[in-house]
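Structural characterization, general
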Amino acid sequence: MTVLAKFVYEIKPGRFDDFMSILGQAAGPEFDSPVLPSSVRLFRCVVPGPDTHIIQLFIEYPDMTAYGQRTDFENNNFKWRALFAEQPDSPQRLVSVELLSEIVPSAPH
């Protein structure tokens, strides 16, 4: 069943483009692995307005096995960890992470 990894980031004022650059690097071929997400979507809360500094990143995997394999790849890749390591000058701050599994009404619980 589908698994969504939800990352909530706070982006420092004026640093949105810097954060997008990090995401662009993360999507590069250097970080391809045998298992990749099914989709990656980025959302911004529209209330209280377009200058909201909270970004939600949803990464979808076909199942928990795929999520685990990709997570192992990321955790064991020094360059990946360095890319998202928070430093005092980082454009983002990771606020929370959630792992969600899809509920299919006809499937056993």
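Look above for the structure.
First, a word on what this report is: a plain description of the structure on this page. (Residues numbered from 1 in each chain as written. Predicted model: local features only at pLDDT ≥ 70, side-chain atom pairs only at ≥ 80, totals over all residues. Heavy atoms only, no water.)

1. Section: the side chain of Ser-33
Here Ser-33 lies in the loop between helix H1 (16-26) and strand S2 (39-44). A polar side-chain atom of Ser-33 sits 2.5 Å from the main-chain carbonyl oxygen of Val-35. A polar contact of 2.8 Å, which involves the side chain of Ser-33, links it to the side chain of Arg-70. (Helix = DSSP H or I, 4+ residues; strand = E, 2+ residues; numbered from the N terminus. Polar contact = N/O pair within 3.5 Å; in protein donor to acceptor, adjacent residues only side chain to side chain.)

2. Observations concerning helix H2 (residues 64-75)
Here H2 spans 16 Å end to end across 12 residues, near enough to the 16 Å set by a 1.5 Å rise per residue. All of the buried residues along H2 are Ala-66, Tyr-67, Arg-70, Thr-71 and Glu-74. Seen along its axis, H2 keeps its buried residues to an arc of 130 degrees; they face one direction. Looking at where H2 begins, the residue whose side-chain oxygen comes 3.2 Å from the main-chain nitrogen of Thr-65 is Asp-63. (Expected span 1.5 Å × (residues − 1). Buried < 20%, exposed > 50% of the residue type's maximum accessible area, 1.4 Å probe, protein only. Arc of directions from axis to C-beta.)

3. Structural notes on a nonpolar patch on the surface
On the surface, a nonpolar cluster with roughly 210 Å² of combined accessible area is contributed by Phe-16, Met-20 and Leu-42. Structurally, the position occupied by Phe-16 is in helix H1. (Patch = residues over 30% accessible without salt bridge, like charges linked within 9 Å, V, L, I, M, F, W, Y side chains within 5 Å. Areas by Shrake-Rupley, 256 points an atom, 1.4 Å probe, with all protein chains shown as cover. Salt bridge = Lys/Arg side-chain N within 4 Å of Asp/Glu carboxyl O.)

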